[in-house]
Amino acid sequence: MSVRAPRIEFAVGAFLLLALASLLVLALASTNGRWSLGSDTYNLTARFSTIGALRPNAPIKIGGVSIGHVDKIDVDPVKFDTVVTLAISKRYDKLPADTAASILTSGLLGESYVNLAPGGDPENLKPGDEIYLTQSAVDLIQLVGKYMFSGGGAKPADNAAQPSGQDAALPDYLQGESAPTDETKKP
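Residues numbered from 1 in each chain as written. Predicted model: local features only at pLDDT ≥ 70, side-chain atom pairs only at ≥ 80, totals over all residues. Heavy atoms only, no water.

Quick look at a nonpolar patch on the surface
Okay, step 1: A surface patch of nonpolar side chains, about 1,100 Å² in accessible area, is lined by Leu-108, Leu-109, Val-138, Leu-140, Leu-143, Val-144, Tyr-147, Met-148 and Phe-149.
Okay, step 2: With respect to the helices, strands and loops of the structure, Tyr-147 is situated in helix H2 (residues 140-149). (Patch = residues over 30% accessible without salt bridge, like charges linked within 9 Å, V, L, I, M, F, W, Y side chains within 5 Å. Areas by Shrake-Rupley, 256 points an atom, 1.4 Å probe, with all protein chains shown as cover. Salt bridge = Lys/Arg side-chain N within 4 Å of Asp/Glu carboxyl O. Helix = DSSP H or I, 4+ residues; strand = E, 2+ residues; numbered from the N terminus.)

Take a look at the structure:
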């Protein structure tokens, strides 16, 4: 047996330990530090008409600070709304009852998250309560499509009903020099 064999075995062992440690770090990062061992969260629900790209485990933020995650997403079989269950850290158990929830996106094409805007109600939300003030996700593709294909707004169907010349919807003082003055309006 040569003297090099223990060095190679040591190097291979060190490499394997480093690889296992890297996998452990990757596993911890993918769970965002959440373990299913204890329940340090409480659930709230919120209804949205559209949720866009919101997914389970998406963050819940107040002022940009993460305070929880989306636990699950269901569809109400009666109202056909999307019901989002929010798992909020018990550290933030004093959310006012008039807290508003909206679905926002980090950047132009970033991840979707639920943003909470606390109100001023003296009563607090309790575990299992529903957040009634909600704003659904904005569909960027649909918004751009409406803008591109709108053609500058709706045009009236009957041009005969439009008054010729100046716009009749404008007050007289905004119609320019040809607008009548108070002296010319008197009989």
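As for the environment of Leu-54
Okay, step 1: Tracing the sequence through the fold places Leu-54 in the loop between strand S1 (41-48) and strand S2 (59-62).
Okay, step 2: The buried category is assigned to Leu-54, whose relative accessible area is 1%.
Okay, step 3: Those residues within four positions of Leu-54 in sequence are excluded, and the remaining contacts are Val-70, Ile-73, Val-84, Ile-103, Ser-112, Tyr-113 and Val-114. (Buried < 20%, exposed > 50% of the residue type's maximum accessible area, 1.4 Å probe, protein only. Contact = heavy atoms within 4.5 Å.)

Observations concerning the side chain of Ser-102
Okay, step 1: Within the secondary structure, Ser-102 sits in strand S5 (residues 100-105).
Okay, step 2: With residues near it in sequence (within four places) discarded, Ser-102 still touches Phe-48, Tyr-113, Val-114, Asn-115 and Gln-135.

Thoughts on the layout of surface pockets
Okay, step 1: Quantified by volume, the second largest pocket comes out at close to 320 Å³.
Okay, step 2: As for the second largest pocket, its lining consists of 15 residues, of which Thr-105, Leu-108, Ser-112, Val-138 and Leu-140 are closest to the centre.
Okay, step 3: Looking at the lining of the second largest pocket, the elements with two or more residues in it are S5 and H2.
Okay, step 4: For the lining of the second largest pocket, the element with the highest residue contribution is S5, accounting for 3 residues.
Okay, step 5: Residues of the lining of the second largest pocket, tallied by class, amount to 9 nonpolar, 5 polar and 1 charged. (1 Å grid on protein atoms, 1.4 Å probe; cavity = no way out; pocket = protein on both sides within 12 Å on 5 of 7 lines; lining within 4 Å. Points joined across faces, edges and corners; volume = space filled by probe spheres on them. Nonpolar A, V, L, I, M, F, W, Y, C, P; charged D, E, K, R; others polar.)

Nothing here speaks to function; it is all geometry.
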